[in-house]
Number of protein chains: 2
Amino acid sequence: MRVGELSRRSGVSVASIKYYLREGLLPAGERTSPNQASYDDAHLRRLRMIRALIDVGGLSVVATRDVLAAVDDPGLPLFQALGRASGTTTAPAPEEEPDEAWEQAEQMLADHVAERGWQVTAENPAWHGAVGVLATYLRLGDADLARQLGLYMRTMEEVAEHEVAAVVDRGDRARTVEGVVVGTVLGDTLLAAVRRLAQQHCSLRLLGETPTRRQG
Amino acid sequence: MRVGELSRRSGVSVASIKYYLREGLLPAGERTSPNQASYDDAHLRRLRMIRALIDVGGLSVVATRDVLAAVDDPGLPLFQALGRASGTTTAPAPEEEPDEAWEQAEQMLADHVAERGWQVTAENPAWHGAVGVLATYLRLGDADLARQLGLYMRTMEEVAEHEVAAVVDRGDRARTVEGVVVGTVLGDTLLAAVRRLAQQHCSLRLLGETPTRRQG
DNA sequence: CTCGTTCGGACAGTGCCGCTATCCAATCAC
DNA sequence: GTGATTGGATAGCGGCACTGTCCGAACGAG
């Protein structure tokens, strides 16, 4: 198919498709003549993934490009591809100088990681991200919430265990990586939404407040 | 204190402080003369919250304004304030027409909610958000991951239960709401980062891949 | 073969967002 | 008094994600 049909079938404007081609998110179509190309179902699929990562996952165009590059790299071990998805999802280390709160946060995370026996490397950008959030909690004087860290780690370990298990024995490596990336990025969004629903349920149950529009 | 000191103590430029004042994120200082005002520790604290929500939580300036308005509204029940934080955190319903995937996703979520006995209202924007993500999974042919929904709900219920419990018996209502909002918004970021670390740990453990730079 | 449509490709322009810079008269600190 | 700072208004900037326009080549219905 050519770009017009690709646009019609994906719901993405031709101009945007051209933009994604320029930015390297979408591979070029197969040349049928010096200035003519044709696209296939793989392009359509890729285009749908692009929209999902951008619209639902909230990734930027560059982050999406990097994630997709990891998907495409056949030499990249699954582990690395997953890490790549992390790196681009989590904010890129904003060069924060280590103040008191930062060091306290780092210590707190290190303690919990050691306690749970997690084998994680400090090079994982998520480490930096987690420390940053914890430090922010501490600076706001909200140590209470920083104390939920243990709970978060326990529950996320359970989640990750199922997620990784669900992924190990798929046949096609490319499809597996694709699934991991989508699951990682969209999973964040889904988890956040589900957390909101759970919070509504639990606050109703524990606080006994009824969901009336407004009191008074 | 006046704006210069507020800027020095918060690390936010005077220009940005003026911007936040204009946009209604930061309440005006107390007038000491027709064109002079003074700020106190509450302003400093608020300013730190603004930066946390924007930089760490990833909220937009408008979303931050709305969240803080909910914090300030003393008539708003705690439940509502929390919901308000959800609404602005989750993407604002992008007017999606209900196709087949959408209805299937909605059914799936409704079933799980019924099964767990959650009391949640469809007016909760998180409902719409969750359905949107699930529908996206289905459209991508990634039904596997949509099947993690039960797990996500179970773990998020556990998380929410602890979070709500940790919040119920604080004295000051304003501080409580503040804590809830910060915990909700920053909690998303922290949970995502912790999930990445857990994924690294579990993929190491289950896939047996070692975190080498690259194979070959 | 003709002729209107569509194509790939290049590049300029647009709208929004989160600031940032400049200017002003009034006020403050010394 | 005098030089810095203030509150307030307004204009401008840089980045991002497109979007619009133009071109000459190719396609495809008649």
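Located above this text is the structure these notes cover.
S.K.: Would you explain the overall build of chain A in this entry?
M.R.: The helix and strand tally for chain A stands at 10 helices and two strands. Counting from the amino terminus, chain A carries its helices and strands in the arrangement α-α-β-β-α-α-α-α-α-α-α-α. Taking the contacts inside chain A whose residues are at least 6 apart along the sequence as the reference set, 61% of them involve residues at least 24 apart.

S.K.: I keep staring at the packing of aromatic side chains and nothing clicks. Help me out?
M.R.: Aromatic ring pairs are described here by two measures, namely the spacing of the ring centres and the angle between the planes. Residue and element names in this part refer to chain A. One pass over the structure, following the stated rule, counts two aromatic pairs over all chains. Measuring from ring centre to ring centre gives 5.7 Å for Tyr19 and Tyr20, while their planes differ by 45°; the resulting arrangement is tilted. A relative accessible area of 32% means that Tyr19 is categorised as partly exposed. Under the relative-accessibility criterion, Tyr20 is labelled buried at 5%.

S.K.: Which parts of the structure should I look at to understand the nonpolar core?
M.R.: Across soluble globular proteins, nonpolar side chains show a tendency to be buried alongside one another. The biggest cluster of nonpolar side chains holds 118 residues, and the ones touching the most others in it are Leu109(A), Leu134(A), Leu109(B) and Leu134(B). Setting aside chain neighbours within four positions, we find Leu109(A) in contact with Trp127(A), Ala130(A), Val131(A), Leu134(A), Leu149(A), Met153(A) and Leu197(B).

S.K.: Sorry if this is basic, but what is going on with the protein's contact with DNA strand D here?
M.R.: Taken together, 22 residues form the shell around DNA strand D, and within it Tyr20(A), Asn35(A), Val3(B), Gly4(B) and Arg31(B) come nearest. Contact between DNA strand D and Arg31(B): a phosphate oxygen at 3.0 Å from a side-chain N or O atom of the residue. Ala37(B) has a polar backbone atom sitting 3.1 Å from a phosphate oxygen of DNA strand D. The element best represented in the surface near DNA strand D is helix α2 (residues 14-23) of chain A, accounting for five residues. Of the residues assigned to the surface near DNA strand D, the class counts are seven nonpolar, nine polar and six charged.

S.K.: How do you make sense of helix α6 (residues 100-116) of chain A when you look at a structure like this?
M.R.: For an α-helix the count is 3.6 residues per turn, leaving residues at separations of three or four pointing the same way. Residues and elements named next belong to chain A. Across its 17 residues, α6 extends 25 Å between first and last C-alpha, which sits within 8% of the 24 Å expected from 1.5 Å per residue. Along α6, the positions that sit buried rather than exposed are Ala101, Trp102, Ala105, Met108, Leu109 and Val113. Projected down its long axis, α6 shows its buried positions confined to an angular sector of 130°, all on one face. Opposite its buried face, α6 presents the exposed residues Glu100, Glu103, Ala114 and Glu115, each directed more than 90 degrees away. Where α6 terminates, the next one or two residues include Gly117, which has phi positive at roughly 70°.

S.K.: Mind showing me how you'd approach the protein's contact with DNA strand C here?
M.R.: Taken together, 22 residues sit near DNA strand C, with Val3(A), Gly4(A), Arg31(A), Arg2(B) and Asn35(B) positioned nearest. A share of 77% is what sugar and phosphate atoms reach among the atoms of DNA strand C within 4 Å of the protein. Contact between DNA strand C and Ala37(A): a phosphate oxygen at 3.2 Å from a main-chain N or O atom of the residue. When residues of the surface near DNA strand C are traced back to their parent elements, those giving at least two are α1 (3-10), α2 and β2 (36-38) of chain A together with α2 (14-23) of chain B.

S.K.: Which parts of the structure should I look at to understand the environment of Val182(A)?
M.R.: Tracing the backbone shows Val182(A) in helix α10 (residues 173-207). C-alpha separation for the pair Val182(A) and Leu53(A), spaced 129 residues apart in sequence, amounts to 7.3 Å. Sequence-distant contacts of Val182(A), that is, excluding residues within four places in its chain, are made with Met49(A), Gly187(A), Tyr137(B), Leu140(B) and Asp142(B).

S.K.: Looking at this structure, how should I read the relation of the copies chain A and chain B?
M.R.: In this arrangement, two copies of a chain are superimposed by a rotation about an axis accompanied by a shift along the axis. Once chain A is rotated about the relating axis by 180° and shifted along it by 0.0 Å, it coincides with chain B to within an RMSD of 0.1 Å. Those values place the two copies in the arrangement expected of a two-fold rotation axis. Among all C-alpha atoms of chain A, that of Thr155(A) lies closest to the rotation axis, at 3.0 Å. A share of 100% of the interface residues of chain A reappears at the interface of chain B, consistent with the copies meeting face to face through the same patch.

S.K.: Which parts of the structure should I look at to understand the interface of chain A and chain B?
M.R.: Often the size quoted for an interface is simply the accessible area lost on bringing the parts together. Counting residues at the interface gives 87 residues for chain A, matched by 87 residues for chain B. Seen at the junction of chain A and chain B, the total is 10 salt bridges. Among the ionic pairs, Arg205(A) bridges to Glu161(B), the shortest N-O distance being 3.3 Å. Among the secondary structure elements, those contributing two or more residues to the side of chain A that touches chain B are α3 (41-56), α5 (78-89), α7 (125-139), α8 (143-146), α9 (149-168) and α10 of chain A. The element best represented in the side of chain A that touches chain B is α10(A), accounting for 26 residues. Looking at the side of chain A that touches chain B, its residues break down into 44 nonpolar, 25 polar and 18 charged.

S.K.: Explanation requested: the environment of Leu53(A) in the structure shown.
M.R.: Residue and element names in this part refer to chain A. Note that Leu53 resides in helix α3. What makes Leu53 buried here is its relative accessible area of 0%. Sequence spacing of Leu53 and Ala63 is 10 residues, and the spatial spacing of their C-alpha atoms is 9.2 Å. Beyond its immediate stretch of four places on either side in the chain, Leu53 contacts Gly58, Leu59, Thr64, Val67, Leu68 and Val185.

S.K.: Where do I start with the pattern of salt bridges in this structure?
M.R.: Side-chain pairs of opposite charge can arise whenever the charged atoms involved come near each other. Summed over all chains, the structure comprises 26 salt bridges over all chains. Between Asp66(A) and Arg65(A) there is a salt bridge, with its nearest N and O atoms 3.1 Å apart. Residue class for Arg65(A) comes out partly exposed when judged on its relative accessible area of 29%. The residue Arg195(A) makes a salt bridge to Asp188(B) at a minimum N-O spacing of 2.8 Å. Placement of the pair is Arg195(A) in helix α10 and Asp188(B) in helix α10 (residues 173-207), with the two residues belonging to separate chains. Each member of the pair, Arg195(A) together with Asp188(B), is buried. A single salt-bridge network, built from bridges that share partners, covers Glu163(A), Asp188(A), Arg195(B) and Arg196(B).

Here is what the cut-offs are and how they apply
Residues numbered from 1 in each chain as written. Chains lettered and ligands numbered in written order. Predicted model: local features only at pLDDT ≥ 70, side-chain atom pairs only at ≥ 80, totals over all residues. Heavy atoms only, no water. Helix = DSSP H or I, 4+ residues; strand = E, 2+ residues; numbered from the N terminus. Contact = heavy atoms within 4.5 Å. Phe/Tyr/Trp six-rings, centres within 6.5 Å; stacked < 30°, edge-to-face > 60°. Buried < 20%, exposed > 50% of the residue type's maximum accessible area, 1.4 Å probe, protein only. Core = buried A, V, L, I, M, F, W, Y, C linked by side-chain atoms within 4.5 Å. Near = heavy atom within 4 Å. Polar contact = N/O pair within 3.5 Å; in protein donor to acceptor, adjacent residues only side chain to side chain. Nonpolar A, V, L, I, M, F, W, Y, C, P; charged D, E, K, R; others polar. Expected span 1.5 Å × (residues − 1). Arc of directions from axis to C-beta. Least-squares fit on C-alpha atoms with pLDDT ≥ 70 in both. Salt bridge = Lys/Arg side-chain N within 4 Å of Asp/Glu carboxyl O.

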